[in-house]
Amino acid sequence: MKTVIVTGGLGYIGSHTVVELLNEGYEVVVLDNLSNSSEKVIDGIRAITKKSVHFFDVDLRDYDKLESAIGYYQQSIVGVIHFAACKSVGESMKYPSKYYDNNVAGTNNLLMAMKRYNVGNLIFSSSCTVYGEADDLPVTEQTPQKPAESVYGRTKQINEQMIKDMHREHDFNSVLLRYFNPIGAHETALIGELPNGTPDNLLPYVAETAIGKRDLFTVFGDDYDTKDGTCVRDYIHVVDLAKAHVVALEVSVKKNLKGEPVNLGTGKGYSVKEVLDAFEKENDIKVNTHYGNRRKGDVEAIYADPSYAYKLLGWKAQLGLKEMVTSVWKWQKAISSKCCGGGCCGHKNKKA
Ligand code: NAD
Ligand code: WQD
């Protein structure tokens, strides 16, 4: 039995990764406090894979509960994939202590519990936000890191350093996966992103406007020095991203990696306008759009050099913008059709 512990495994990226792990024959144990997800996600995972996951309602800040969950599976654990975190840039600027507590203290507890039971492999969810506003594009793993723009970004920089430092007192392998902009949903529309309240991110906002849940989608700035004046990002399909975790889990041990950063992107930069146009064209739907002011803190353009991911992991993204925007729309229609009428569309079990 090869067991993988997945923290935050009922969230957006976690749930897609759990599906890929189950498809590859791993036994999966999810630790999630449901602060931004719901147990109903397990039904979607089961419907796709026809397999079961073990779920524990554990908050990483509760060390005793975390330690006993990891201790229970100690003998068969081949790795931990650590997604659990708060991820809203805006919220992190309002409530820094929440972010330091959840993302930093939570990760420290996980590292301590892994040491306690000699768990030898960690795959960490990092972010392109650790680069800040990069001087040169595309961004490689050697691109110098600037201080992150947000408290959220700072917690990711700190987490990366904590993991690297932990190698001084515990012999384990680790990979720091720096995601660019994950979008899309599973092709079955049985799992996808469930934004908490008003979405911050581009695609959920576009899709909710298209379905009529929001009146107007605002493009944040069209006066940037880019191909069409709107910001450029490296959007990556969440299923491609999920598959990279399964590969990283194996390569981490095989190549004895320790705190190895790896960019996960496609290497292509698309502007906001290009994404919006693709969404409208591929789904044959109009999105009520307004061109507004820049959003504070946005970087003009960022995209990855993904060549190291291919060299190290043998992984590269397979899905394009068409699959990203069509799967988001299929998912949006699926969740809206199940909406209870109270404007939920997310069916969350929100606790905090
Ligand atoms: P998500 O909010 O959908 O998933 C996070 C999950 O972790 C949720 O199920 C939540 O309930 C759980 N969780 C949060 N705090 C917890 C705690 N203390 N104990 C136990 N469970 C807890 O987020 P996501 O988009 O799936 O992101 C996953 C990871 O990837 C996060 O670490 C995030 O910072 C990182 N990341 C996300 C993006 C993105 O755009 N979505 C980009 C780069 C990096
Ligand atoms: C993408 C583009 C917006 C909403 C954030 C985090 C980053 C990482 C990914 C976690 C930008 C524009 C958006 C809208 C718009 N997360 N936009 N109207 O800001 O690149 O990255 O998520 O690690 O750390 O900062 O993603 O989806 O918010 O924005 O015009 O209503 O869409 O200006 O250019 P971002 P995003």
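Remember, it's a predicted structure, so these values are computed and weren't measured experimentally.

A. Quick look at the site of ligand 1. Close contacts around ligand 1 come from 26 residues, with Asp 32, Asn 36, Ser 37, Asn 102 and Tyr 152 the closest. Between ligand 1 and Tyr 12, the relevant distance is 2.8 Å, taken from an oxygen atom to a main-chain nitrogen or oxygen of the residue. Here Asp 32 contributes a side-chain N or O atom positioned 2.6 Å from an oxygen atom of ligand 1. Contact with the protein chains removes 95% of the 820 Å² of surface that ligand 1 exposes when unbound. When residues of the shell around ligand 1 are traced back to their parent elements, those giving at least two are α1 (12-23), β5 (121-127) and α6 (151-166). With three residues, β5 is the largest single contributor of residues to the shell around ligand 1. Within the shell around ligand 1, the residues separate by chemical class into 12 nonpolar, 10 polar and four charged.

B. Representation of the site of ligand 2 within the structure. For ligand 2, the set of nearby residues contains 19 residues, the closest of which are Ser 127, Tyr 152, Thr 218, Arg 233 and Asp 298. The contact in question runs from an oxygen atom of ligand 2 to an N or O atom on the backbone of Leu 202, over 2.9 Å. When the free accessible area of ligand 2 is taken as 680 Å², the share hidden by the protein chains comes to 88%. Of all the secondary structure elements, the ones that give two or more residues to the shell around ligand 2 are α7 (202-211) and β8 (217-220). When its residues are assigned to classes, the shell around ligand 2 shows 10 nonpolar, five polar and four charged.

C. Molecular detail of empty space enclosed by the protein. For the coordinates displayed, the defined rule picks out one cavity of 30 Å³ or more. When its volume is computed, the largest cavity comes out at roughly 120 Å³. Residue lining of the largest cavity: 14 residues in total, with Glu 193, Leu 203, Pro 204, Val 328 and Trp 331 positioned closest to the centre. Among the secondary structure elements, those contributing two or more residues to the lining of the largest cavity are α7 and α11 (321-337). Of the residues belonging to the lining of the largest cavity, the class tally is 10 nonpolar, two polar and two charged.

D. Inspection of the environment of Ile 236 at higher detail. Here Ile 236 lies in strand β10 (residues 235-237). Each C-alpha atom, one on Ile 236 and one on Ile 335, is 22 Å from the other, the two residues being 99 residues apart in sequence.

E. Highlighting the environment of Tyr 308. If you trace the backbone, Tyr 308 turns up in helix α10 (residues 307-313). Remark: the alpha-carbon pair of Tyr 308 and Leu 264, spanning 44 residues in sequence, is separated by 9.2 Å. In this structure Tyr 308 touches Glu 141, Glu 260, Pro 261, Val 262 and Leu 313, once residues within four positions along its chain are discounted.

F. Structural context of the packing of α1 against helix α2 (residues 41-49). The contact between α1 and α2 brings their axes to 10 Å, and the two run at 35°. With respect to the hand of their crossing, α1 and α2 are arranged in right-handed fashion. Of the residues in α2, those touching α1 at Ser 15, Val 18, Val 19, Leu 22 and Asn 23 are Val 41, Ile 45, Ile 48 and Thr 49. By residue class, the composition of the contact of α1 with α2 is six nonpolar, three polar and no charged.

G. Representation of the sheet that holds strand β11 (residues 260-264) within the structure. Sheet architecture is open: seven strands sit in the order β3-β2-β1-β4-β5-β6-β11, paired in parallel fashion. Only two strands of the sheet have a single neighbouring strand rather than two, namely β3 (54-57) and β11. The average angle at which neighbouring strand axes cross in this sheet is 20°, direction not considered. Sheet topology places strand β6 (residues 173-179) next to β11; five bridges connect them, and they run parallel. Of the residues in β11, the one forming a bridge with Leu 176 is Pro 261. Those strands touched by α1 are β1 (3-7), β2 (27-32), β4 (77-82) and β6, and its axis lies near 165° from that of β2. Against the sheet, α6 contacts β5 and β6, and its axis sits at roughly 155° relative to β5.

H. Structural detail: the side chain of Arg 233. Considering the arrangement of structural elements, one finds Arg 233 in strand β9 (residues 232-233). Classification of Arg 233 by relative accessible area gives buried; the value is 11%. Here Val 299 takes part through its backbone oxygen, which lies 3.0 Å from a polar atom of the side chain of Arg 233. The contacts of Arg 233, once residues within four sequence positions are left out, are Asn 181, Lys 268, Gly 269, Tyr 270, Asp 298, Val 299, Glu 300, Ala 301 and Ile 302.

I. Region of the structure containing the packing of helix α3 (residues 63-73) against helix α5 (residues 96-116). Look at α3 against α5: their axes get within 9 Å of each other, and the N-to-C directions meet at 40°. The angle between α3 and α5 places the two elements in the oblique class. The crossing of α3 and α5 is right-handed. Here Tyr 63, Leu 66, Glu 67 and Ile 70 of α3 lie close against α5, whose contacting residues are Asn 109, Leu 110, Met 112, Ala 113 and Arg 116. Residue composition of the contact of α3 with α5, grouped by class: six nonpolar, one polar and two charged.

About the cut-offs
Residues numbered from 1 in each chain as written. Chains lettered and ligands numbered in written order. Predicted model: local features only at pLDDT ≥ 70, side-chain atom pairs only at ≥ 80, totals over all residues. Heavy atoms only, no water. Near = heavy atom within 4 Å. Polar contact = N/O pair within 3.5 Å; in protein donor to acceptor, adjacent residues only side chain to side chain. Areas by Shrake-Rupley, 256 points an atom, 1.4 Å probe, with all protein chains shown as cover. Helix = DSSP H or I, 4+ residues; strand = E, 2+ residues; numbered from the N terminus. Nonpolar A, V, L, I, M, F, W, Y, C, P; charged D, E, K, R; others polar. 1 Å grid on protein atoms, 1.4 Å probe; cavity = no way out; pocket = protein on both sides within 12 Å on 5 of 7 lines; lining within 4 Å. Points joined across faces, edges and corners; volume = space filled by probe spheres on them. Contact = heavy atoms within 4.5 Å. Axes fitted to C-alpha atoms, helices over the stretch in contact; angles between N-to-C directions. Left-handed = near helix turned anticlockwise from the far one by under 90°. Pairing = 2+ DSSP bridges. Buried < 20%, exposed > 50% of the residue type's maximum accessible area, 1.4 Å probe, protein only. Parallel < 35°, antiparallel > 145°, perpendicular 65-115°, else oblique.

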